[in-house]
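Structure assessment
The chain contents come next:
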Amino acid sequence: MGKTLIVQARGKGGPRYRTPSHRFLGRVQYFPYGSFTAKVVDIMNDPGHFAPVMLVKDQNGREVLHIAPEGIQAGDFIHYGQYSGIGNVVEISKIPVGTRISCIETHPGSGPKLCRSSGVFAQVIGKSGNKVLVQFSSGAIREFDGRCRATIGIPAAGSGQALAQLPRARQVPPQFV
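These notes cover the structure that comes with them.

So, how was this worked out
- Residues numbered from 1 in each chain as written.
- Predicted model: local features only at pLDDT ≥ 70, side-chain atom pairs only at ≥ 80, totals over all residues.
- Heavy atoms only, no water.
- Helix = DSSP H or I, 4+ residues; strand = E, 2+ residues; numbered from the N terminus.
- Polar contact = N/O pair within 3.5 Å; in protein donor to acceptor, adjacent residues only side chain to side chain.
- Contact = heavy atoms within 4.5 Å.
- Salt bridge = Lys/Arg side-chain N within 4 Å of Asp/Glu carboxyl O.
- Buried < 20%, exposed > 50% of the residue type's maximum accessible area, 1.4 Å probe, protein only.
- Phe/Tyr/Trp six-rings, centres within 6.5 Å; stacked < 30°, edge-to-face > 60°.

**Thoughts on the environment of G129**
Its place among the elements puts G129 in the loop between β7 (122-128) and β8 (131-136). On a C-alpha basis, the gap between G129 and G146 in space is 8.4 Å, while along the polypeptide they are 17 residues apart.

This is the structure:
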């Protein structure tokens, strides 16, 4: 007879191996296309994401969740459709070459799909017509439609990120001198 293998137990999907999605704050998404300003209401820790999540509210009272970039604070304003600073959501064709971006859409209107984890970013390296070349931190280069949107900046680090990169035997934070 024997024991149930761990692979079999995970496949069955008992409570031990299920994702605790009831604790997640919600889906990270963008507002529909347009040019407007929204306010960062709060920055929260979501167990479903490795980066902090910010609650953004527009003038009509609609609220969505965004991945929080480094340097943004509650009470700041972000702009949709205008390139002016960190946290703004802009079409890739309007972003200058060399800018670090995150939360990139794969197709226009698909919502943020790429570079959403802490410290992961991509750079715009070239433009030709309506296509934009983007280089990821892995070195891979990919071509996107110019209407795809992205967030300006690098996703902020959440709690415990320094410990996550240490070997399991050394779960002690580094001492900086």
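**A few points about the side chain of D58**
For D58, the location among the structural elements is in strand β2 (residues 53-58). A distance of 2.8 Å separates polar atoms of two side chains, one belonging to D58 and the other to R62. Residues within four places of D58 in sequence aside, it is in contact with F31, F36, T37 and A38.

**A short note on the pattern of salt bridges**
The full count for this structure, using the stated rule, is three salt bridges. With a closest N to O distance of 2.8 Å, D58 and R62 form a salt bridge. With its nearest N and O atoms 3.4 Å apart, the salt bridge here joins R149 to E105. With a gap of 44 residues between them, R149 in strand β10 (residues 149-152) and E105 in the loop between β6 (100-102) and β7 connect regions that are remote in the sequence. This pair shows no difference in class: R149 is buried, exactly as E105 is.

**Here's the deal with the environment of V41**
Within the secondary structure, V41 is located in strand β1 (residues 36-44). V41 gets classed as partly exposed once you look at its relative accessible area, which sits at 41%. Considered as a pair, V41 and V56 are 15 residues apart in the sequence and their alpha carbons are 5.7 Å apart. With near-sequence residues (within four places) excluded, V41 lies in contact with L55, K57 and A74.

**Some thoughts on unusual backbone geometry**
Despite not being glycine, C103 has its phi angle at roughly 50°, a positive value. Note that C103 resides in the loop between β6 and β7. The backbone of C115 shows a phi angle near 60°, a positive value even though the residue is not glycine.

**Notes on the packing of aromatic side chains**
The tally for this structure, following the rule as stated, stands at five aromatic pairs. Ring geometry for Y30 against Y80: centres 6.5 Å apart, planes inclined by 90°, an arrangement best described as edge-to-face. In this pair, Y30 is assigned in the loop between α1 (6-12) and β1 and Y80 in strand β4 (residues 77-80), connecting sequence segments 50 residues apart. Here Y30 matches Y80 in class, with each residue buried. On the basis of an interplanar angle of 70° and a centroid distance of 6.3 Å, the ring pair of F136 and F144 is categorised as edge-to-face. Grouping residues by exposure puts F136 and F144 together as buried.

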